[in-house]
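The residues making up each chain are set out below.
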Amino acid sequence: MSIQAKQTKEKAPKRAVLSLERKNSFFGYIFTLPIIIGLAVIYLPILIQSLVYSFSKITIVPKQGYLTEFLGFQNYYNALYVEEGFLRTVIESTIALLPQIFVIIIFAFFMANILNQEFKGRTIARVIFFIPVVVSTGIMAQFENMNSMLDLYSSGEKMEMVGGAASALVDYTQLQEIITSALNNPNMSSIVLGAISGLYGIITSSGVQMLVFLSGLQGISINMYEAAKVEGATGWEVFWKISFPMISPLILVNLIYTVIDLFLKADNEAINFINNKLADGSQLELASALSWIYTLVILLFVGIVWMLVKKLIVYQD
Amino acid sequence: MKNEDTMNVSQSPAEKKENKILKFLKSKFTFHFKKPRNPIKALKEVDWKRWKRKNLNLNGLGRFAYIILRFIIVFGICFTIIYPYIVKGIVSFMSTNDIVDSTVMFIPREGSTYFIEKAVVTMEYWTAMLNTALLSLAAAGCTLIVSTMVGYGFARFKFIGKNLLFFMVILTLIIPAQTIMIPLYSRFKWFFLGDLTNTFWPIVILALTGLGLKNGLYIYMMRQFFRGMPKELEMSAYIDGAGHFRTFFSIMLPNASNMMITIFLFAFTWQWTDTTYNTMLFPKLKILTNTVLNVTKTAENVAVDTTQQQALADTASLLLILPLLLVFLVAQKYFIQSIERSGLVE
């Protein structure tokens, strides 16, 4: 065996190795060809065009397209100072997102750990947990924000004896008092209360994160757990010394996904603001300036999260 | 109480005890070249471990309490998720009198299909559903093909500019669709083959070039999946003389079937409810996300009282997602398997 290996080594000239690499890289381009074409032909030109639009005045020429006239920073000035509601909306919605991000990550992590355990009815629980991922996105998120019969049910207007809905399981005002007195800190208690009243929203928007954590947990080799068991580690130790460090890279992935998801959600107020401007159609250049400002906010936010969390993460290799 | 006592003993450094420990440790460590650790600390650790083993293990009562707590949490969350759909389902079978009758709880007294019929008519349900199904199928199919290919390319090949390309893919996820909406609209409105707005083509073209809805996420998922597959599989295929495409189609794809079903499910259902491109690219297309808004917009429906409007909206939204729920229930087996098997690494 070893002799054979030696012979092939001696025989194989350097050129052959290079050509294999070159062949590999050629097929790399072939496999990623759709996205290369998409980016080069559609996405990047459109992105640049959008940037140009945000710096110019658009006039619609029938049957031909848009005619642009360079304006400079006029649109951005309008977006920030004339359209004053926008900046406030962006800042307010961003601040409202912050606690949600952490609650979603913690919730997803916690639930993934529970769903990873063996118990009766686990399959059914898993199926139910992922119904919102599939169903309540896009227009359904908007519908859930609208008035529905559910509000009547949970407010007790329709029937007082039915304490069915999650918000009506416990009397909300009572809960509010308990939490405010227990935490003794208005900021903390408002975060906790926000999390409780938004429980449904958190469940619906943490599905993908749960999925990522769950597949991460499944990917941990059983040998590690067995070794820990032999050494006499308790469940608590196993969790903090094995499960947590092993899936910590996924926390970064999930954090960034959560940030993007919350910023781009159809019921985000800043997105709604831009959508209204787009649907209006009379100030397209203003709409593109607004969306570029929002894009920069998102990029900045994602960048900050990435820089902050990257250092905390343990990589296996 | 007993445990607290032992803790206290270890914490209060009694001299007698200390000497005893030192003696014990000396006898243990004299033959070692390593310096013995701080004896007090060592004792504390031993004691703490003993205490923990006694009290923090999940046997008996603690285990039982944990199981109960877990059941409450899981059941509560499942209930919170299902409850809105149950209410919607019940409301859609109520009559106009039932919804204002405060004695009617979950079982409608009269019961009628009034709201369902009305929602079906105002939504133009069957036409719209067929169109939506076609659109979602086309989009999901194209997305699946593209993301599988591209994901494999990213996972297994080295080429110049790969990292930059991947960064760009992630960037398409981050940049809101609103930013590119106006030039996108102008591209498709004045496309060289004619006006493509209000057709399926924009979605199909975007999906085929990997720019569809959340396509970056699917590419990322596929890349992670293929990275987790053992390289030996491909190596043996190459040695047997299979080319890159043959290996991809006959070795990698069959193994990725669960993941592919998951991605198809996501692409299909997210396209079904998506509203990103509605207002600009196909406002006149008869798809469910457009027609469902008729329920709240048409003058005939606005005229009736708010409770009826709410009931109608509930019925309409339930009808909107009913096909999705069915698809999910059919596909859930593969979906759950894909969660369980994505850690193929062993």
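Computed from a predicted model, the values in this text were never measured in an experiment. (Residues numbered from 1 in each chain as written. Chains lettered and ligands numbered in written order. Predicted model: local features only at pLDDT ≥ 70, side-chain atom pairs only at ≥ 80, totals over all residues.)

Draft legend 1. Quick peek at the overall build of chain B. If you tally the helices and strands in chain B, you get 18 helices and zero strands. Residue burial in chain B is summarised as follows: out of 346 residues, 35% are buried. Long-range pairs, those at least 24 residues apart, make up 76% of the contacts in chain B between residues at least 6 apart in sequence. (Helix = DSSP H or I, 4+ residues; strand = E, 2+ residues; numbered from the N terminus. Buried ≥ 20, exposed ≤ 12 C-beta atoms within 10 Å, placed from the backbone. Contact = placed C-beta atoms within 7 Å.)

Draft legend 2. Quick look at the overall build of chain A. A count of helices and strands for chain A gives 18 helices and two strands. Looking at chain A residue by residue over its 317 residues, the buried ones come to 32%. Of all intrachain contacts in chain A linking residues separated by at least 6 positions in sequence, the fraction that spans at least 24 positions is 66%.

Draft legend 3. Looking closely at the packing of helix α16 (residues 235-264) of chain A against helix α18 (residues 284-310) of chain A. Residues and elements named next belong to chain A. Interhelical geometry of α16 versus α18 gives an angle of 165° and a closest axis separation of 10 Å. Our classification of the angle between α16 and α18 gives roughly antiparallel. As α16 packs across α18, the resulting crossing turns out to be right-handed. Note on element contacts: α18 touches α16 through Ile298, Phe301, Val302, Val305, Trp306, Val309 and Lys310, opposite Ile251, Leu252, Leu255, Ile256, Val259, Ile260 and Phe263. Taken together, the residues of the contact of α16 with α18 sort by class into 13 nonpolar, no polar and one charged. (Axes fitted to C-alpha atoms, helices over the stretch in contact; angles between N-to-C directions. Parallel < 35°, antiparallel > 145°, perpendicular 65-115°, else oblique. Left-handed = near helix turned anticlockwise from the far one by under 90°. Nonpolar A, V, L, I, M, F, W, Y, C, P; charged D, E, K, R; others polar.)

Draft legend 4. Quick look at helix α10 (residues 215-228) of chain B. All names here are of chain B. Taking 1.5 Å per residue, 14 residues should reach 20 Å; α10 reaches 20 Å between its end C-alpha atoms and fits that length. Counting buried positions along α10 yields 12 of 14 residues, so the element is predominantly enclosed. Of all the residues in α10, the buried ones are Asn215, Gly216, Leu217, Tyr218, Ile219, Tyr220, Met221, Met222, Arg223, Gln224, Phe225 and Phe226. Buried residues along α10 sit against α6 (125-156), α7 (162-174), α12 (244-255) and α13 (257-273). (Expected span 1.5 Å × (residues − 1).)

Draft legend 5. Up close: helix α5 (residues 84-116) of chain A. Compared with an ideal rise of 1.5 Å per residue, which puts 33 residues at 48 Å, α5(A) spans 48 Å between its outermost C-alpha atoms and is within 8% of the ideal. Along α5(A), the residues classified as buried are Phe86(A), Thr89(A), Val90(A), Ser93(A), Val103(A), Ile104(A), Ala108(A), Phe109(A), Met111(A), Ala112(A) and Leu115(A).

Draft legend 6. A look at the nonpolar core. Within the largest apolar cluster, 136 residues are counted, with the highest numbers of intra-cluster contacts made by Ala112(A), Phe213(A), Leu290(A), Met222(B), Ile263(B), Ala267(B) and Ala316(B). Apart from residues lying up to four places away in sequence, Leu290(A) is in contact with Ala79(A), Phe86(A), Ile274(A) and Lys277(A). (Core = buried A, V, L, I, M, F, W, Y, C linked by C-beta atoms within 7 Å.)

Draft legend 7. Fine view of the confidence of the model for chain B. Residues and elements named next belong to chain B. Considering every residue of chain B, the mean pLDDT works out to 80; 80% of them sit at 70 or more. Put simply, helix α1 (residues 2-11) is where chain B has its lowest mean pLDDT, 47, and α6 is where it has its highest, 93. The low-confidence segment residues 1-10 (pLDDT under 50) makes nine contacts with residues lying over four places distant or belonging to another chain. Taken together, the chains of this predicted complex give a pTM of 0.78 and an interface ipTM of 0.78. (pLDDT = per-residue confidence, 0-100.)

Draft legend 8. Layout of the interface of chain B and chain A. Taken together, the 81 residues of chain B in the interface contact 82 residues of chain A. For the side of chain B that touches chain A, the secondary structure elements donating two or more residues are α4 (60-92), α6, α7, α8 (177-189), α13, α14 (278-281) and α18 (306-341) of chain B. For the side of chain B that touches chain A, the leading source of residues is α18(B), giving 14 residues. Among the residues making up the side of chain B that touches chain A, the classes are represented as 50 nonpolar, 22 polar and nine charged.

Draft legend 9. A look at the confidence of the model for chain A. Of the residues in chain A, 78% have a pLDDT of 70 or more, and the chain-wide mean is 78. In the predicted structure, residues 157-171 of chain A sits below a pLDDT of 50 and forms 26 contacts with residues beyond four places in sequence or in another chain.

Draft legend 10. Main features of unusual backbone geometry. Residues and elements named next belong to chain B. With a phi angle near 50°, Glu124 is a residue other than glycine that sits in the positive phi range. Counting through the fold element by element, Glu124 comes out in the loop between α5 (114-123) and α6. Overall, the presence of 16 C-beta atoms within 10 Å leaves Glu124 in the partly exposed class. If you check the backbone angles, Lys214 has positive phi at about 50° while not being a glycine. Within the secondary structure, Lys214 is located in the loop between α9 (201-208) and α10. For Lys214, a count of 23 C-beta atoms within 10 Å translates into the label buried.

Draft legend 11. Summary view of the environment of Gly210(B). Relative to the elements of secondary structure, Gly210(B) occurs in the loop between α9 and α10. Note on Gly210(B): 29 C-beta atoms within 10 Å, which makes it buried. Sequence separation between Gly210(B) and Ser147(B) is 63 residues, and the spatial gap between their C-alpha atoms is 6.9 Å. For Gly210(B), the residues in contact, after removing those within four places along its chain, are Pro34(A), Ile35(A), Gly38(A), Val146(B), Val150(B), Asn215(B) and Ile219(B).

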